[in-house]
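Fold and contact review
Here's the letter readout for the chains.
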Amino acid sequence: MKNNRFLPSLILVLILVLSGLGFLLFKQNQSLSEIINFDKTLQTGDNAPLFKEKSLSGDLISIKGKTSLLVFFNATCNSCAKNLPVLRDAYENLRNDGIDVIGIISEKKETADNYVNQRKLQFPVIADPKKKIFTKYKVHYVPLMVLINKKGEIRFYQSYGINIKQSLQKIAELPPTM
């Protein structure tokens, strides 16, 4: 009988928690599966989800028909901050090799602008605060690098514990079927 005394309180707490979660989902305009992200990650050989978004500088960015290296990151990621200078330094060589480098940051435009300017990143960066592109690419961890060939196929997909320098070496060793 003593245990039943706490049942109404437990039910009230459960209702409040579920209501709060429902409000959060509604406010963020995301489904529960997008927030929890139960989907498996993309893999080499999968078709890359297409997108058209404006970069921080206002240019329209599309990956359709291009060889593109997408780099997902955020402003609070220490590994991203440590690795992005390597990508910044390799950008010109990648561009000369016909690879468009596109950064995708999960921050609002103002925060993204400050982050990019502080790190002197020269490649185009898209602010994705609602994580539309992050969700399409099933990003669980950052930094994440995705290499896409002209046919729209994923040729390289690596995340979590990534070392951008080592990843760029692996990309350079891929057979030239771009």
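Refer to the structure above for everything that follows.
Report follows, based on the coordinates. (Residues numbered from 1 in each chain as written. Predicted model: local features only at pLDDT ≥ 70, side-chain atom pairs only at ≥ 80, totals over all residues. Heavy atoms only, no water.)

**What about the packing of aromatic side chains?**
- Applying the stated rule across the entire model yields five aromatic pairs.
- Ring geometry for F51 against Y137: centres 6.4 Å apart, planes inclined by 80°, an arrangement best described as edge-to-face. Taken together, the positions of F51 in the loop between α2 (32-36) and β1 (52-54) and Y137 in the loop between α5 (132-136) and β6 (144-148) put the pair 86 residues apart, joining distant regions of the chain.
- Look at F51 and you get buried, because its relative accessible area is 5%.
- Given the relative accessible area of 0%, Y137 is considered buried.
- Each ring, one from Y91 and one from F123, has its centre 5.9 Å from the other, and the planes form 55°; the classification is tilted. Taken as a pair, Y91 in helix α3 (residues 78-96) and F123 in the loop between α4 (109-119) and β5 (125-127) lie far apart in primary sequence, 32 residues in all.
- Three or more aromatic residues link up through ring pairs in this structure, and these residues are F51, F72, F134 and Y137.
- Sitting over the face of the ring of Y115, R119 holds its NZ or CZ atom 3.8 Å from the ring centroid. (Phe/Tyr/Trp six-rings, centres within 6.5 Å; stacked < 30°, edge-to-face > 60°. Helix = DSSP H or I, 4+ residues; strand = E, 2+ residues; numbered from the N terminus. Buried < 20%, exposed > 50% of the residue type's maximum accessible area, 1.4 Å probe, protein only. Lys NZ or Arg CZ within 6 Å of the ring centre and 35° of its normal.)

**Focus: helix α6 (residues 164-172)**
- Buried residues of α6: I164, S167, L168 and I171, and no others. Burial along α6 is one-sided: seen end-on, the buried residues are contained in an arc of 100°. Every exposed residue of α6 that faces more than 90 degrees away from the buried side is listed here: K165 and A172.
- Its buried side turned inward, α6 meets β3 (68-73), α3, β6 and β7 (154-159). (Arc of directions from axis to C-beta. Contact = heavy atoms within 4.5 Å.)

**Regarding unusual backbone geometry**
- Residue P143 follows V142 across a cis peptide bond; omega there is 0°.
- With respect to the helices and strands, the residue P143 is situated in the loop between α5 and β6.
- Phi angles above zero are rare outside glycine, and K131 is one such case at about 60°.
- Tracing the chain through its elements places K131 in the loop between β5 and α5.
- Phi is positive for K138, which is not a glycine, with a value near 50°.
- Among the structural elements, K138 can be located in the loop between α5 and β6.

**Overview of the packing of α3 against α6**
- Two numbers describe how α3 lies on α6: the axes approach to 9 Å, and their chain directions differ by 30°. The orientation of α3 with respect to α6, classified from their angle, is roughly parallel. Only I164, K165 and L168 of α6 make contact with α3, whose side of the interface consists of N83, L84, V86, L87, A90 and L94.
- For the contact of α3 with α6, a count of residues per class yields seven nonpolar, one polar and one charged. (Axes fitted to C-alpha atoms, helices over the stretch in contact; angles between N-to-C directions. Parallel < 35°, antiparallel > 145°, perpendicular 65-115°, else oblique. Nonpolar A, V, L, I, M, F, W, Y, C, P; charged D, E, K, R; others polar.)

Read these as spatial facts, not as claims about activity.
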